[in-house]
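Observations on the three-dimensional arrangement
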Amino acid sequence: MADIISTVEFNYSGELLATGDKGGRVVIFQREQESKNRLLSRGEYNVYSTFQSHEPEFDYLKSLEIEEKINKIRWLPQQNAAHFLLSANDKTIKLWKISERDKRAEGYNLKDEDGRLRDPFRITTLRVPVLMPMDLMVEASPRRIFANAHTYHINSISVNSDYETYLSADDLRINLWHLEITDRSFNIVDIKPANMEELTEVITAAECHPHQCNVFVYSSSKGTIRLCDMRAAALCDRHSKFFEEPEDPSSRSFFSEIISSISDVKFSHSGRYMMTRDYLSVKVWDLNMENRPVETYQVHEYLRSKLCSLYENDCIFDKFECCWNGSDSAIMTGSYNNFFRMFDRNTRRDITLEASRENSKPRAMLKPRKVCTGGKRKKDEISVDSLDFNKKILHTAWHPKENVIAVAATNNLYIFQDKIN
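Okay, so let's go over this structure. What you see is a predicted model, and the numbers here were worked out from it, not measured in a lab.

Turning next to the overall build of the protein chain. A tally of regular secondary structure across the protein chain gives 2 helices and 31 strands. Relative to the 2.2 N^0.38 estimate, which gives 22 Å for 421 residues, the radius of gyration of the protein chain is 24 Å and therefore close to what a compact globule would have. For the C-alpha atoms alone, the extent of the protein chain along its principal axes is close to 95 × 60 × 40 Å. The proportion of buried residues among the 421 residues of the protein chain is 47%. Look at the contacts in the protein chain between residues 6 or more apart in sequence, and 51% of them connect residues 24 or more apart.

Right, dumping it as structure tokens:
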């Protein structure tokens with residue numbers, strides 16, 4: 001199952017969409033330009049470039065296989081005609097350059113058109129090589145390889161707002177890199193205890209602030225988020241802010257700790273809020289208020305009674321991501337049965353949609369889905385017991401400027417957009 005999608009990411013303009021998969025491949029889709037005669041196709045995404053980013057490796061010291069699966073992709077803002085992206089597997093981060101070639105040089109002096117070297121004694125005239133048009137080629141080339149800095153599995157990479165540095169996080173440490181320097185990084189967070197038996201929590205996600213290059217956050221398996229300021233100290237073991245919602249003692253259960261673990265944290269584009277995803281809910285936090293979130297959205301509350309079987313089939317450890325729309329007015333996250341959820345922060349309305357081949361013919365409207373939790377099931381509803389937990393939407397992305405979303409359902413990528421009148 002090498003084609004299972006493991007990450008989805010739009011670039012800063014939204015014109016390109018990258019996916020990474022379990023087989024270490026990166027596939028980039030490019031949005032078609034709108035044409036007068038094909039108005040309906042308003043910006044369809046077609047494959048632009050495919051390349052093998054990572055290969056399986058073996059760590060001989062630890063006798064461990066390092067799988068090639070792409071954990072994260074992050075785009076860099078475009079500075080010139082080429083595009084750059086960072087892709088990471090469990091141990092290594094690579095900076096890739098994606099560039100176009102539509103001309104080639106012809107008329108060399110020292111070699112023939114087929115590339116064979118010419119006899120120097122037969123060269124009697126000097127030719128000026130010329131650029132001739134050719135079919136468009138998209139080339140992906142690795143420009144930097146950032147390796148050997150993580151003992152544990154990398155779960156996050158995040159490009160800083162200075163566009164010169166980025167951070168990478170694994171279970172116990174966060175490193176800060178310069179994009180030009182591959183042989184060293186600064187360790188900015190280290191939560192590894194001297195005795196590993198005293199380990200009580202791990203880092204689950206980390207992200208740089210979108211505007212302040214000295215600020216970053218990281219979330220933990222205990223359901224807490226720490227905001228750190230790199231101006232305060234070189235090693236940010238002491239956080240500046242600590243976000244945690246007090247637990248309701250009445251709802252405490254055997255699974256409380258597992259389901260409170262945060263699987264994703266994302267700053268809003270404005271930089272004022274951040275969103276965290278735990279197993280059953282999405283929370284929006286105001287960075288100025290640490291004691292509780294300002295908004296909480298239930299993603300699939302009907303699963304609370306099913307936690308026992310979800311624990312037995314390991315689904316309770318699934319890591320769902322979440323994302324903001326371009327204006328921070330709506331948020332999206334995935335669920336089971338190929339369902340994904342969208343929440344409007346202004347109207348507090350929410351909707352459940354399904355990404356599946358059966359009901360998503362091109363241009364067809366998506367019908368809202370409802371899950372029946374008990375009592376009599378209505379015609380359109382689906383009962384909790386018939387949900388397919390193998391079909392899960394962990395990775396979603398929202399176009400930075402428009403209502404276009406990308407949803408990864410196992411090995412299928414769905415792109416939905418606002419209805420055109």
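After presenting the structure, the write-up continues.
Now for the sheet that holds strand E2 (residues 16-21). Read across the sheet, 4 strands follow the order E1-E2-E3-E4 without closing on themselves; strand pairing throughout is antiparallel. Only two strands of the sheet have a single partner each, and these edge strands are strand E1 (5-10) and strand E4 (45-52). Looking at each pair of strands side by side, their axes are set apart by 20 degrees on average, direction ignored. Across 7 bridges, strand E3 (residues 25-31) lies against E4 in antiparallel orientation.

Moving on to the state of the cysteines. In the structure shown here, the tally under the stated rule is 0 disulfides. Sulfur of Cys228: no disulfide; nearest cysteine sulfur belongs to Cys236 and is 5.1 Å away. Residue Cys228 is classed as buried on the basis of its relative accessible area of 0%. There is no disulfide at Cys322, and the cysteine sulfur nearest it, in Cys323, is 7.3 Å away.

If you look at the biggest cluster of nonpolar residues, it comprises 18 residues, and the most contacted ones within it are Tyr279, Leu303, Leu310 and Leu387. Among the nonpolar cores identified, the runner-up in size contains 15 residues, and Phe340, Ile393, Tyr414 and Phe416 belong to it.

So, about the pairing of strand E21 (residues 281-286). E21 sits mainly inside the fold: 6 of its 6 residues count as buried. Along E21, one buried face is formed by Ser281, Lys283 and Trp285 and the opposite face, lined by Val282, Val284 and Asp286, is buried too. Here 5 bridges tie strand E20 (residues 273-277) to E21, and the two strands are oriented antiparallel to one another. By the bridge assignment, Met274 is partnered in E21 with Trp285. The hairpin formed by E20 and E21 contains 3 residues between the paired strands. Alignment of E21 against strand E22 (residues 295-298), held across 4 bridges, turns out to be antiparallel.

Oppositely charged side chains can form a pair if their charged atoms are brought close together. Applying the stated rule across the entire model yields 24 salt bridges. Here Lys103 makes a salt bridge to Asp102, at a shortest N to O gap of 3.8 Å. Asp102 gets classed as partly exposed once you look at its relative accessible area, which sits at 39%. Of the charged contacts, one joins Asp112 and Arg118 as a salt bridge, the two residues approaching to 3.8 Å between their closest N and O atoms.

Structurally, Glu15 is set in the loop between E1 and E2. In sequence terms Glu15 and Val189 are 174 residues apart; their C-alpha atoms lie 34 Å from each other. Apart from residues lying up to four places away in sequence, Glu15 is in contact with Phe29, Gln30, Arg31, Gln33 and Tyr45.

This paragraph deals with the pairing of strand E31 (residues 412-417). Inspection of the sheet shows strand E30 (residues 404-409) paired to E31 by 6 bridges, in the antiparallel sense. Residue Ile405 lies in a different strand from E31, and its bridge partner there is Phe416. Turn length for the E30-E31 hairpin, with the two strands adjacent in sequence and antiparallel, is 2 residues, and the turn residue Thr410 shows positive phi of about 55 degrees.

Structurally, Thr124 is set in the loop between strand E9 (93-106) and strand E10 (130-146). Judged by its relative accessible area of 71%, Thr124 falls in the exposed class. Taking the C-alpha atoms as reference, Thr124 lies 9.7 Å from Asn109; in sequence the two are 15 residues apart.

Pairing is antiparallel in the open sheet, where 4 strands are placed in the order E19-E20-E21-E22. Unpaired on one side and paired on the other, strand E19 (264-267) and E22 mark the two borders of the sheet. Between one strand axis and the next, the sheet turns through 15 degrees on average, direction left out of account. As judged from the 4 bridges shared by E19 and E20, these two strands associate in the antiparallel manner. Within the sheet, the bridge partner assigned to Lys266 lies in E20 and is Met275.

A few words on the side chain of Lys392. Among the structural elements, Lys392 can be located in the loop between strand E28 (381-383) and strand E29 (395-398). A distance of 3.0 Å separates polar atoms of two side chains, one belonging to Lys392 and the other to Asp318. Beyond its immediate sequence surroundings of up to four residues, Lys392 is in contact with Cys315, Asp318, Ser335, Tyr336, Asn338, Ala408, Ala409 and Thr410.

Assignment of secondary structure puts Asp59 in strand E5 (residues 57-59). Buried and unpaired, Asp59 has no salt bridge, with Lys62 as the nearest side chain of opposite charge at 4.0 Å.

Now for unusual backbone geometry. Of note, the phi angle at Tyr163 is positive, near 60 degrees, even though the residue is not glycine. The residue Tyr163 is located in the loop between strand E11 (154-159) and strand E12 (165-170) in this model. Taking the relative accessible area as the measure of exposure, Tyr163 reaches 36% and is therefore partly exposed. The phi angle at Asn338 is positive, at roughly 60 degrees, despite the residue not being glycine. Mapping Asn338 onto the fold places it in the loop between strand E24 (330-334) and strand E25 (339-344). With relative accessibility at 8%, the residue Asn338 sits in the buried group.

Cut-off values and rules
- Residue positions are counted from 1 within each chain, in the order its sequence is given.
- This being a predicted model, a pLDDT of at least 70 is required before a residue's local features are given, and a value of 80 or more before pairs of side-chain atoms are given or counted; all residues contribute to the totals for chains, interfaces and linings.
- As a rule here, side-chain values come from all non-hydrogen atoms in the structure, and water together with hydrogens is ignored.
- A run of H or I in DSSP becomes a helix once it reaches four residues, and a run of E becomes a strand once it reaches two; helices and strands are each numbered from the N terminus.
- Only C-alpha atoms enter the radius of gyration, while the globule expectation follows 2.2 Å times N to the 0.38, with N the number of residues.
- Accessibility here uses a 1.4 Å probe with only protein chains present; expressed as a share of the type maximum, an area under 20% marks a residue as buried, one over 50% as exposed, and anything in between as partly exposed.
- Only heavy atoms enter the contact rule, under which two residues are in contact if any of them lie within 4.5 Å.
- The pairing criterion for strands is at least two bridges between them, as found by DSSP.
- To get an axis, a line is fitted to the C-alpha atoms, and for a helix only the part in contact is used. The angle between two axes follows their N-to-C directions and goes from 0 to 180 degrees.
- The disulfide criterion used throughout: a pair of cysteine sulfur atoms within 2.5 Å.
- For the purposes of this section, nonpolar cores are sets of buried Ala, Val, Leu, Ile, Met, Phe, Trp, Tyr and Cys residues that join through side-chain atoms within 4.5 Å.
- Between Lys or Arg on one side and Asp or Glu on the other, a salt bridge is scored when a side-chain nitrogen of the former is within 4 Å of a carboxyl oxygen of the latter.
- Distance and chemistry together define a polar contact, namely a pair of N or O atoms within 3.5 Å, with one atom able to donate a hydrogen and the other to accept it when in protein, and with adjacent residues in sequence counting only for side-chain atoms on both sides.
- By the counting scheme adopted, Arg and Lys are positive, Glu and Asp are negative, and His together with the chain ends is not counted.

So far we have only geometry, and geometry alone does not tell us how the molecule works.
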